[in-house]
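Each chain is listed here by its residues.
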Amino acid sequence: MNTKYLDLLSEKYNSEEKVVTEIINLEAILHLPKGTEHFVSDLHGEYHAFQHVLRNGSGKVKEKIKDIFKETMTEQQINDFATLVYYPEDKIKLMKNKLTNKDELHKWYQKVICDMITLIPYASSKYTRSKLRKALPEQFVFVIEELLYKSDKYSNKKTYYEQITQQIITLGQSDKLITGLAYTIQRLIVDHLHVVGDIYDRGPDPDKIMDTLINYHSLDIQWGNHDVLWLGAYAGSKVCLANIIRICARYDNLDIIEDVYGINLRPLLTLAEKYYDDNQPFRPKQHKDKPISEHETLQITKIHQAIAIIQFKLESPIIKRREFFNMEDRLVLEQIDYENQEITIYGKTYPLENTCFATIDPDNPAKLLAEEEEVINKLLVSVQHSEKLARHMKFLMKKGNLYLPYNGNLLIHGCIPLNENGEMEQMEIEGKVYKGRALLDQFEKYLRYAFSHREETDDLATDMVWYLWTGEYSSLFGKRAMTTFERYFIKDKASHKEVKNHYYYLRENEDVCRRILEEFDLDPDQGHIINGHTPVKEIEGENPIKANGKMIVIDGGFSKAYQSTTGIAGYTLLYNSFGMQLVAHQHFNSKEEVINNGADVLSVKRVVDKELERKKVGETNVGKDLQEEITMLKKLMEYRYMN
Ligand SMILES: O=P(O)(O)OC[C@H]1O[C@](O)(COP(=O)(O)O)[C@@H](O)[C@@H]1O
Ligand SMILES: [Mn+2]
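Residues numbered from 1 in each chain as written. Chains lettered and ligands numbered in written order. Predicted model: local features only at pLDDT ≥ 70, side-chain atom pairs only at ≥ 80, totals over all residues. Heavy atoms only, no water.

Trainee: Would you explain the packing of helix 5 (residues 75-86) against helix 11 (residues 174-189) in this entry?
Mentor: As a packed pair, helix 5 and helix 11 sit with axes 7 Å apart at the nearest point and diverge in direction by 90°. Judged by the angle between their axes, helix 5 and helix 11 are roughly perpendicular. Each of L84, V85 and Y86 in helix 5 lies in contact with helix 11, whose residues at this interface are I178, A182, I185 and Q186. Taken together, the residues of the contact of helix 5 with helix 11 break down into six nonpolar, one polar and no charged. (Axes fitted to C-alpha atoms, helices over the stretch in contact; angles between N-to-C directions. Helix = DSSP H or I, 4+ residues; strand = E, 2+ residues; numbered from the N terminus. Parallel < 35°, antiparallel > 145°, perpendicular 65-115°, else oblique. Contact = heavy atoms within 4.5 Å. Nonpolar A, V, L, I, M, F, W, Y, C, P; charged D, E, K, R; others polar.)

Here it is in structure tokens:
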């Protein structure tokens, strides 16, 4: 074997003792129960609701608190303690306002430090000491370990321990310590996070979600169609770029583009002011908590039209140069009868309303005006030079994939395109036919290529990113066509319908799910498919657990815009060593409500699967990696120390 790697390894493990210790350590870890995985999806910019779910570990934090303190605390005390763990800074502030007497405050400090120190060993019982140490607030590691591992069998150290806490309080360190411990507890309770797509669009704060994820201890992302749209814009796709701006205008979120990512919208506004006027379907959606002036509304309405028309124009040449996208039906501007203000689409003719075609030349409808071209080019430069966007997009690429087989399950935002017989749909790309996993691998390959060649704006890879957003056989979209144009300009609602891929019906069928799992080399007896993307309509009695438990759909709609159709505020999934639990969340109002009233509507749990035997690290993805490390270390042992 090549000994170069072993030589490198021996630099880190430069003594027999070190190798032996690491082998023993890793072997032991393989026998620990597996850590808790937390699955979320379709966050859609809802930062506060996401924070809450992240901080309370979908109810796990409170569950652990109850396990330990149910005999000694009232329900109110449990709620108060839980809120302290979720939002330590705010809760401490609240208590300081409440407990104006110093003695009382010190007593409170003493009690919560003690409670936290009691909870931590329970929350970390599945982990090694070294893993726990890494999760502790750095500046207090020594102190906390003294308190955690106190053995006071002979009552010699009682005052010593009391002194430690006392000193922390008198030295004014308790706020920092309590805050640090709270985050330690949050971190211990969830070992790994999966974000099953759609961080971006509709809600106001996707950037804050990205910052949270960047600082999170362990996670992976399965891209959603909206995430890919943003990646596409950054990767040089002008049509993706037009879409993200259009969606931001529609949801009154242009400040994400302008203020958060620093993209200059001036040129677009100037163009919009010149050619557009008020127009009902282009008025931005109103937020309850964010009133806007009539003047601003009008500006956004104009921008919305300007960018929508640019988008439709940009689609046309792509559809023409990529015949295999099979999207001729979407050459909408070419199908308009401009004189009679009608469109013939899918063989039916409809009158058009609310039209805003001032920049369209009926003889060459997809041609951008020089001004429009200049605007979109400037926007692209601005997007590709936004440092913050670059940071977020690079992270999305680094942590993301189109799909992920993980611990026996298949995580994917949308679907595996199927035909009506449940067979995987085929797509020909550059003369070769792909389906199933191979097709998804192609999609991902093009996306990665486009991302690393941002200067190319009209090549196949960049066009493929747009296909992922809107194409019939895209694993992220999975509908026949996107009817954006129809929704703006045609009254007849029947034309708005987006016909879903057969997958979304066939996934109710266990055999179909089993075949898909096999396609990804997963054991169909053990595995599950975990999807986001389509809101589960709890109101209408839809069950998120399908196909005899093989399929779990966790998009219950964090997105406020969709909560009236789902009836709840999102599903999340937990998978620990005992099995899987699906959690349904109630509408989240505000963290203030949680902090002040302890109102943290505990979520309903549905057990998806119960393991007969507790699952160990050795049986997980991480376990496989550790096993490989052990093998290498054993080789190093033979090579260096056993002759
Ligand atoms: O709700 P809106 O803003 O009209 O957007 C509708 C569009 O969003 C989509 O549903 C895609 O977004 P999702 O991935 O969140 O479903 C399209 O299919 C549809 O055309
Ligand atoms: Mn989606």
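Trainee: Explanation requested: the coordination of the manganese ion (ligand 2) in the structure shown.
Mentor: For a metal with four tetrahedral donors the ideal donor-metal-donor angle is 109.5 degrees, whereas six octahedral donors ideally subtend 90 or 180 degrees. Coordination of the manganese ion (ligand 2) by the protein comes from D198 (OD), N225 (OD1), H413 (NE2) and H533 (ND1), over a distance range of 2.1 to 2.4 Å. Considered as a linear motif, the donors of the manganese ion (ligand 2) on their single chain read D-x26-N-x187-H-x119-H. Placement of D198 in the loop between strand 2 (192-195) and helix 12 (206-214) and of N225 in helix 13 (residues 225-235) is noted, with a sequence separation of 27 residues between them. Taken individually, D198 and N225 each receive the classification buried, so the pair is uniform in this respect. (Donors = N, O, S within 2.8 Å, 3.2 Å for Na, K, Ca; no water. Buried < 20%, exposed > 50% of the residue type's maximum accessible area, 1.4 Å probe, protein only.)

Trainee: Please clarify how the environment of H585 should be interpreted in this entry.
Mentor: Structurally, H585 can be placed in the loop between strand 16 (579-584) and helix 26 (591-597). Separated by 526 residues in the primary sequence, H585 and G59 place their C-alpha atoms 9.4 Å from one another. Within the local environment of H585, its side chain forms a polar contact with the side chain of S58, the two groups lying 3.5 Å apart. (Polar contact = N/O pair within 3.5 Å; in protein donor to acceptor, adjacent residues only side chain to side chain.)

Trainee: I keep staring at the sheet that holds strand 4 (residues 336-337) and nothing clicks. Help me out?
Mentor: Note on sheets: strands pair through backbone hydrogen bonds, and any given pair is parallel or antiparallel. If you walk across this open sheet you meet the three strands as 4-5-6, and the pairing is antiparallel. At either end of the open sheet lies a strand with only one pairing partner, and these are strand 4 and strand 6 (348-351). (Pairing = 2+ DSSP bridges.)

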